[in-house]
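For reference, the chains in residue letters:
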Amino acid sequence: MVLLALTTGASFLSLGPWNAVIALAIGAAKATLIVAVFMEVAYRRGMTRVLVGTGLFWLGVMVVLTFSDYLTRGWIPSVGK
Amino acid sequence: MTDLDLQPPFDDHEQQRQADWQGLWVFLVTEVLLFGALFLSWMVCRFRNPVAFTLGAHQQDLWTGTLCTAVLLTSSLVVAFAVHFAEAHRSAATVACLLAAAGLGWLFVGLEGSEWWHRHLVGLIPGPGFAVTGPHRSALALYGMLYLTMTGLHGLHVLIGTGLLLGCVGLARRRRLHPITVTLVGLYWHFVDVVWVFLFPVFYLVGRP
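The sections below set out a description of the structure shown in this document. Please read all numbers here as calculations on a predicted model, not as lab measurements.

**Remarks on the environment of B:Leu28**
Residue and element names in this part refer to chain B.
Then step 1. Relative to the helices and strands, Leu-28 is located in helix α1 (residues 13-48).
Then step 2. Looking at Leu-28, the relative accessible area reads 0%, which means it is buried.
Then step 3. Between the C-alpha atoms of Leu-28 and Phe-191, which are 163 residues apart in sequence, the distance is 7.4 Å.

Laid out in structure tokens, this is it:
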């Protein structure tokens with residue numbers, strides 16, 4: 001499993017990536033593997049999954065709200081700026 | 001190696017174990033938000049300075065980064081073995097795995113340190129001695145500071161993790177190590193590994209041609 005994650009990363013390097021999304025997607029896949037198996041999230045029901053989901057949800061809120069600011073700057077002309 | 005004694009508020013061992021487990025996960029959620037805020041900073045800065053951050057990624061030594069990833073992933077595997085041996089009450093095997101994982105953690109910190117030193121020698125550390133010129137100077141300084149802050153904070157967590165692992169070894173020597181302790185320290189170590197799994201593509205892979 002660890003080797004799988006390693007070779008995933010290594011094969012990705014030799015291909016010569018040109019898309020940031022691919023890099024982060026592979027990283028996310030590796031992280032999901034580690035969290036699910038080593039941290040046993042896949043094995044435990046109930047509160048643990050709620051906690052993990054909550055953390056990811058809050059992270060998502062932070063990202064979405066921050067980018068909703070940065071991406072929309074300049075959409076509405078404002079006085080003096 | 002024995003199981004932890006039942007403490008007052010819990011009705012049985014399983015409930016206590018669940019509470020220990022979930023308590024650490026609450027802590028890890030706060031850590032997710034801590035590192036998440038830094039990753040968000042990287043996202044915003046990259047969004048606003050795409051060219052400079054691509055240049056910054058090219059300046060990284062890819063092989064050191066890959067080696068660091070391999071070291072940490074292996075250490076996570078070793079810690080998983082330590083947890084397995086601890087739950088099987090095999091003290092000697094547990095201690096061996098904990099020592100190996102701590103050693104790998106130190107190796108990782110050494111590799112990071114050599115990477116930082118190399119950047120210092122080349123003049124990529126922002127501040128006096130920053131050797132970058134051209135239109136992207138300030139954005140590359142931003143990239144450099146983000147890199148130092150995020151890998152530095154992560155490296156600090158790795159050092160704390162190795163301290164916890166060695167603490168478990170110390171407890172085992174005095175025959176006071178419980179399987180749940182090894183399990184929870186292992187959980188922390190896996191989290192630190194997950195953070196690096198995201199750090200590595202963010203600074204080393206994104207933006208490569």
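**A few points about the packing of α1(B) against helix α5 (residues 137-173) of chain B**
Residues and elements named next belong to chain B.
Then step 1. Two elements in contact, α1 and α5, have axes whose closest approach is 10 Å; the angle formed by their N-to-C orientations is 165 degrees. When the interaxial angle is binned, α1 and α5 end up roughly antiparallel. Crossing geometry of α1 relative to α5 is assigned as left-handed. Facing α1, whose interface residues are Glu-31, Leu-34, Phe-35, Leu-38, Phe-39, Ser-41, Trp-42 and Cys-45, α5 presents Leu-142, Leu-146, Thr-149, Met-150, Leu-153, His-154 and His-157.
Then step 2. Taken together, the residues of the contact of α1 with α5 break down into 10 nonpolar, four polar and one charged.

**Description of a nonpolar patch on the surface**
Then step 1. Taken together, A:Phe57, A:Trp58, A:Val61, A:Val64 and A:Leu65 make up a surface patch of nonpolar side chains, about 520 Å² in accessible area.
Then step 2. Among the secondary structure elements, A:Val61 is positioned in helix α3 (residues 47-70).

**Structural notes on the packing of helix α2 (residues 50-58) of chain B against α5(B)**
All names here are of chain B.
Then step 1. For the pair α2 and α5, the least separation of the axes is 9 Å and the interaxial angle reads 55 degrees. When the interaxial angle is binned, α2 and α5 end up oblique. Viewed along their axes, α2 and α5 form a crossing whose handedness is right-handed. Here α2 contributes Ala-52, Phe-53, Leu-55, Gly-56 and Ala-57 to the contact with α5, which in turn contributes Ala-139, Leu-140, Tyr-143 and Leu-146.
Then step 2. Class assignment of the residues belonging to the contact of α2 with α5 gives a composition of eight nonpolar, one polar and no charged.

**A look at the pattern of salt bridges**
Then step 1. Evaluation of the coordinates by the stated rule reveals two salt bridges over all chains.
Then step 2. A salt bridge links A:Asp69 to A:Arg73, with the shortest nitrogen-to-oxygen separation between them at 2.9 Å.
Then step 3. The salt bridge partner of B:Glu87 is B:Arg17, with a shortest N-O separation of 2.7 Å. With B:Glu87 in helix α3 (residues 62-87) and B:Arg17 in helix α1, the pair connects residues that are 70 residues apart, well separated along the chain.
Then step 4. Of the residues examined, B:Glu87 reaches a relative accessible area of 38% and is grouped as partly exposed.
Then step 5. Residue classification places B:Arg17 among the partly exposed residues on the basis of a relative accessible area of 22%.

**Brief notes about unusual backbone geometry**
Residue and element names in this part refer to chain B.
Then step 1. Backbone geometry places His-89, a non-glycine residue, at a positive phi of 60 degrees.
Then step 2. By secondary structure assignment, the location of His-89 is in the loop between α3 and α4 (91-122).
Then step 3. Positive phi, close to 60 degrees, is recorded for Arg-175, a residue that is not glycine.
Then step 4. Looking at the secondary structure, you find Arg-175 in the loop between α5 and α6 (179-205).

**Regarding the side chain of B:His157**
Residue and element names in this part refer to chain B.
Then step 1. Within the secondary structure, His-157 is located in helix α5.
Then step 2. Classification of His-157 as buried rests on a relative accessible area of 7%.
Then step 3. A distance of 2.5 Å separates the side chain of His-157 from the side chain of Glu-31, its partner in a polar contact.
Then step 4. His-157 has contacts with Glu-31, Leu-34, Phe-35, Tyr-188 and Val-192, leaving out every residue within four places of it along the chain.

**A look at the nonpolar core**
Then step 1. Core analysis: the biggest nonpolar cluster contains 64 residues, and B:Trp25, B:Met150, B:Leu165, B:Trp196 and B:Phe203 have the highest contact counts within it.
Then step 2. Of all the secondary-structure elements, those providing two or more residues to this core are α2 (20-38) and α3 of chain A together with α1, α2, α3, α4, α5 and α6 of chain B.
Then step 3. The biggest single contributor to this core is α6(B), with 18 residues.
Then step 4. Beyond its immediate stretch of four places on either side in the chain, B:Leu165 contacts B:Val79, B:Leu98, B:Ala101, B:Ala102, B:Val185 and B:Trp189.
Then step 5. B:Ala52, B:Phe130, B:Val132 and B:Ala141 belong to the second largest nonpolar core, which has seven residues in total.

**Let's talk about the packing of aromatic side chains**
Residue and element names in this part refer to chain B.
Then step 1. Counting across every chain of the model gives eight aromatic pairs over all chains.
Then step 2. Here the aromatic rings of Phe-53 and Tyr-143 are separated by 5.1 Å at their centres, their planes lie at 90 degrees, and the arrangement is edge-to-face. Of this pair, Phe-53 sits in helix α2 while Tyr-143 sits in helix α5, and the two are 90 residues apart along the sequence. Across the pair, exposure class does not vary: Phe-53 and Tyr-143 are buried alike.
Then step 3. When the centroid spacing of 5.6 Å and the interplanar angle of 70 degrees are considered together, the rings of Tyr-143 and Phe-203 count as edge-to-face. You can see Tyr-143 sitting in helix α5 and its partner Phe-203 sitting in helix α6, a full 60 residues away along the chain.
Then step 4. Taking relative accessible area as the criterion, Phe-203 reaches 0% and is therefore assigned buried.
Then step 5. Among the aromatic residues, ring-to-ring pairing joins Phe-53, Tyr-143, Tyr-147 and Phe-203 into one connected group.

What counts, and where the lines are drawn
Residues numbered from 1 in each chain as written. Chains lettered and ligands numbered in written order. Predicted model: local features only at pLDDT ≥ 70, side-chain atom pairs only at ≥ 80, totals over all residues. Heavy atoms only, no water. Helix = DSSP H or I, 4+ residues; strand = E, 2+ residues; numbered from the N terminus. Buried < 20%, exposed > 50% of the residue type's maximum accessible area, 1.4 Å probe, protein only. Axes fitted to C-alpha atoms, helices over the stretch in contact; angles between N-to-C directions. Parallel < 35°, antiparallel > 145°, perpendicular 65-115°, else oblique. Left-handed = near helix turned anticlockwise from the far one by under 90°. Contact = heavy atoms within 4.5 Å. Nonpolar A, V, L, I, M, F, W, Y, C, P; charged D, E, K, R; others polar. Patch = residues over 30% accessible without salt bridge, like charges linked within 9 Å, V, L, I, M, F, W, Y side chains within 5 Å. Areas by Shrake-Rupley, 256 points an atom, 1.4 Å probe, with all protein chains shown as cover. Salt bridge = Lys/Arg side-chain N within 4 Å of Asp/Glu carboxyl O. Polar contact = N/O pair within 3.5 Å; in protein donor to acceptor, adjacent residues only side chain to side chain. Core = buried A, V, L, I, M, F, W, Y, C linked by side-chain atoms within 4.5 Å. Phe/Tyr/Trp six-rings, centres within 6.5 Å; stacked < 30°, edge-to-face > 60°.

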